[in-house]
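Reading the structure
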Amino acid sequence: MSGDGVVEDLLRRSGPLVLGALVRRHGRFDLCEDAVQEALLAAAGAWPRHGLPAEPVAWLIAVAGRRLIDMLRSDHARRLREDTVAGDPSAHRLAPAADDELLHPAVDDTLELLLLCTHPALSEPSRIALTLRAVGGLTTAEIARAFLVPEPTMAQRISRAKATIGAAGASFTRSDDDRDERLTAALHVLYVVFTEGHTATAGPALTRLDLTAEALRLTRELHRLLPDDGEIAGLLALMLLVDARREARTGPDGRLVPLAEQDRRRWAHDAIAEAVDLLERTLSTAALGPYQLQAAIAAVHAEAAGDADTDWRQIALLYGMLERRSDNPVVTLNRAVAVGMADGPARGLAVLDSVADDPRLRRSHRPDAVRAHLLERLGDHAGAREHYQRAARAALNQPEKRYLEERAAGAAGFTGAPRG
């Protein structure tokens, strides 16, 4: 890694620690986050020229702390001018100077920051953006590129999210019930980020490795902090199992390679072994949840020597269990594929018909892709071609679109699942 790369990686890892320390001491998430961003910019300019400080986190906290005090003084003066602090003695106190406890925080606030970024007052897109910014350490430009929106649009979204948290008076102090709700939301945010990275909604590349890597890193960190939580362990196992197939999902020319056709020797078998071990320990000690079920499904695929050896009946059973625990038509789409492989395409089509009119799938290309796959297995090649064409027109990810167009062009012998 180059010198600039070392600094960039250090800043990305240090940012959440600095922000957590400031928010724990001062509150005011919005001002603290702004101060930390200014400190990171200062470090990015100074460290490559002058070398790394002996204690980078303490350096960042000191710089961010000074900037925060400037912001608080400005805010304090404004409040005095507006006469909004009359009769409130606390309004005249400024933040204390940074002391050793602040400069060398003994508490890891990663979990608290993650939960703060999933405040109920925020929309899901805002939760995702704020989590990637405050906890993941990604820049606004990187987040904007990941979700294919202009940088000013993403900057406004993050700014509004910070203002919402500030207006809600959100802090690190919560009830256990609220903590459980936030943790559920945090896991969903990490799942969405990973899913977008695994198969990008749109764009020229099948995957966004920066997003999958960040989701994996944050989920590992969450598992480290809460090792006995079954759903965190399940989500980590799921990510490891799915990401293990990454190198085999595309050919040399960037074309999508469906699961049935992947060279399983290219799968990351060390990651698979880690995930299976994690899942086995979790299933024996924790209550069964949706992420554990999805990980179990991925493990069945991972442990099969080849596509012909896949236990599709077990996968269909697991999807049925998952379907009963969720209200998600995508789960039913996946069960339709599994049932079609286990019991025949006609049975799979019957499952697919149960969600054919679900409005949540209206803009998705996947229902047509699944129907085309099942019709092709049934021998209805004309019907399969029609639905592959419809799916290709709706797909926004270019490798997926190209793959579906190729399927429509006449690869009638296809017997695998519609995507990898």
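For the structure, see preceding data.
Everything quoted here is computed from the prediction, not taken from an experiment. (Residues numbered from 1 in each chain as written. Predicted model: local features only at pLDDT ≥ 70, side-chain atom pairs only at ≥ 80, totals over all residues. Heavy atoms only, no water.)

Examining the overall build of the chain
The condition that has to hold: Numbering of helices and strands runs from the N terminus, with a helix taken as a DSSP run of H or I at least four residues long and a strand as a DSSP run of E at least two residues long. A 1.4 Å probe rolled over the protein chains alone gives each residue an accessible area, and that area as a share of the maximum for its type sets the label: buried under 20%, exposed over 50%, partly exposed in between. The contact criterion used is simple: two residues touch if any of their non-hydrogen atoms lie within 4.5 Å.
Regarding its fold elements, the chain presents 19 helices and 0 strands. The buried share of the chain, reckoned over its 420 residues, is 53%. In the chain, the share of contacts with a sequence separation of at least 24, taken over all contacts with a separation of at least 6, comes to 65%.

Describing the environment of Gly410
As for its position among the elements, Gly410 is in the segment after helix H19 (398-408). Taking the relative accessible area as the measure of exposure, Gly410 reaches 42% and is therefore partly exposed. Remark: the alpha-carbon pair of Gly410 and Ala384, spanning 26 residues in sequence, is separated by 9.3 Å.

Thoughts on the pattern of salt bridges
What counts here: Every case where a carboxyl oxygen of Asp or Glu lies within 4 Å of a side-chain nitrogen of Lys or Arg is listed as a salt bridge.
Counted according to the given criterion, the structure contains 22 salt bridges. We note a salt bridge from Glu214 to Arg217, for which the minimum N-O separation is 2.6 Å. Within this pair, Glu214 and its partner Arg217 are both found in helix H10 (residues 209-225), separated by 3 residues, close to a single helical turn. Given a relative accessible area of 31%, Arg217 falls into the partly exposed group. A salt bridge links Glu221 to Arg224; its shortest N-O distance comes to 2.4 Å. A residue pair is termed a helical-turn pair when its members lie 3 or 4 positions apart in one helix, as Glu221 and Arg224 do in helix H10 at 3 residues. Relative accessible area serves as the criterion here: at 19%, Glu221 is assigned to the buried category. On the basis of relative accessible area, Arg224 is assigned to the partly exposed category, the value being 49%. Among the charged side chains, a network of salt bridges with common partners joins Glu33, Asp34, Arg133 and Lys162.

Thoughts on the packing of helix H15 (residues 329-343) against helix H16 (residues 345-353)
Between two packed helices, what matters for the description is the angle formed by their axes and the separation of those axes. For the record, the criterion: Lines fitted to C-alpha atoms define the axes, with helix axes restricted to the stretch in contact, and inter-axis angles between N-to-C directions lie between 0 and 180 degrees. Note on angle classes: values under 35 degrees are labelled roughly parallel, values over 145 roughly antiparallel, values of 65 to 115 roughly perpendicular, and the remainder oblique. Put simply, a crossing is left-handed when the front helix is turned counterclockwise from the back one by less than a right angle, and right-handed when it is turned clockwise.
Contact geometry of H15 with H16 gives a least axis separation of 6 Å together with a crossing angle of 165°. With respect to H16, the axis of H15 lies roughly antiparallel. The hand of the H15/H16 crossing is right-handed. Where H15 abuts H16, its residues Thr332, Leu333, Arg335, Ala336, Val339, Gly340 and Asp343 lie against Pro345, Arg347, Gly348, Val351 and Leu352.

Comments concerning the environment of Leu279
With respect to the element layout, Leu279 can be found in helix H12 (residues 269-285). The class of Leu279 is buried, set by a relative accessible area of 5%. Filtering out sequence-adjacent residues up to four positions away, Leu279 remains in contact with Ala237, Gln292, Ala295, Ala296 and Ala299.

Structural notes on the packing of H10 against helix H11 (residues 230-243)
Note the threshold: Each residue is assigned to one class: nonpolar for Ala, Val, Leu, Ile, Met, Phe, Trp, Tyr, Cys and Pro, charged for Asp, Glu, Lys and Arg, and polar for all the others, Gly among them.
Two elements in contact, H10 and H11, have axes separated by 9 Å at closest approach and are oriented at 150°. By the angle between their axes, H10 is roughly antiparallel relative to H11. Considering how the two elements wind past one another, H10 and H11 form a crossing that is left-handed. Contact residues: Thr212, Ala215, Leu216, Thr219, Arg220, Leu222 and His223 in H10; Ile232, Ala233, Leu235, Leu236, Met239, Leu240 and Asp243 in H11. Counted by class, the contact of H10 with H11 contains 9 nonpolar, 3 polar and 2 charged residues.

Some details on the packing of aromatic side chains
Stated precisely, the cut-off is as follows: Two aromatic rings from Phe, Tyr or Trp, using only the six-membered ring of Trp, form a pair when their centres are within 6.5 Å; if the ring planes differ by under 30 degrees the pair is stacked, by over 60 it is edge-to-face, and anything between is tilted.
Enumeration according to the criterion identifies 2 aromatic pairs in this entry. Plain terms: the ring middles of Trp47 and Trp59 are 5.2 Å apart, the flat faces sit at 70° to each other, and that makes the pair edge-to-face. Separated by 12 residues along the polypeptide, Trp47 in helix H2 (residues 29-50) and Trp59 in helix H3 (residues 56-81) bring together distant segments of the chain. On the basis of relative accessible area, Trp47 is assigned to the buried category, the value being 3%. What makes Trp59 partly exposed here is its relative accessible area of 27%.

Section: the side chain of Thr282
In this structure, Thr282 sits in helix H12. Residue Thr282 is classed as buried on the basis of its relative accessible area of 7%. In contact with Thr282, other than residues within four places in its own chain, are Gly230, Ala233 and Gln292.

Let's talk about the environment of Ser126
Residue placement: Ser126 occurs in helix H6 (residues 124-134). Judged by its relative accessible area of 12%, Ser126 is buried. C-alpha of Ser126 to C-alpha of Arg160: the two residues are 34 residues apart in sequence and 8.2 Å apart in space. Once residues within four sequence positions are removed from consideration, Ser126 is found in contact with Arg157 and Ala161.

Focus on H12
Going by this rule: The span one expects for a helix is its residue count, reduced by one, times 1.5 Å.
For H12, which comprises 17 residues, the first-to-last C-alpha distance of 25 Å matches the rise-based estimate of 24 Å (1.5 Å per residue) to within 8%. Along H12, the positions that sit buried rather than exposed are Ala271, Ile272, Ala275, Val276, Leu278, Leu279 and Thr282. If you follow the buried residues of H12, they end up packed against H10, H11 and helix H13 (290-303).

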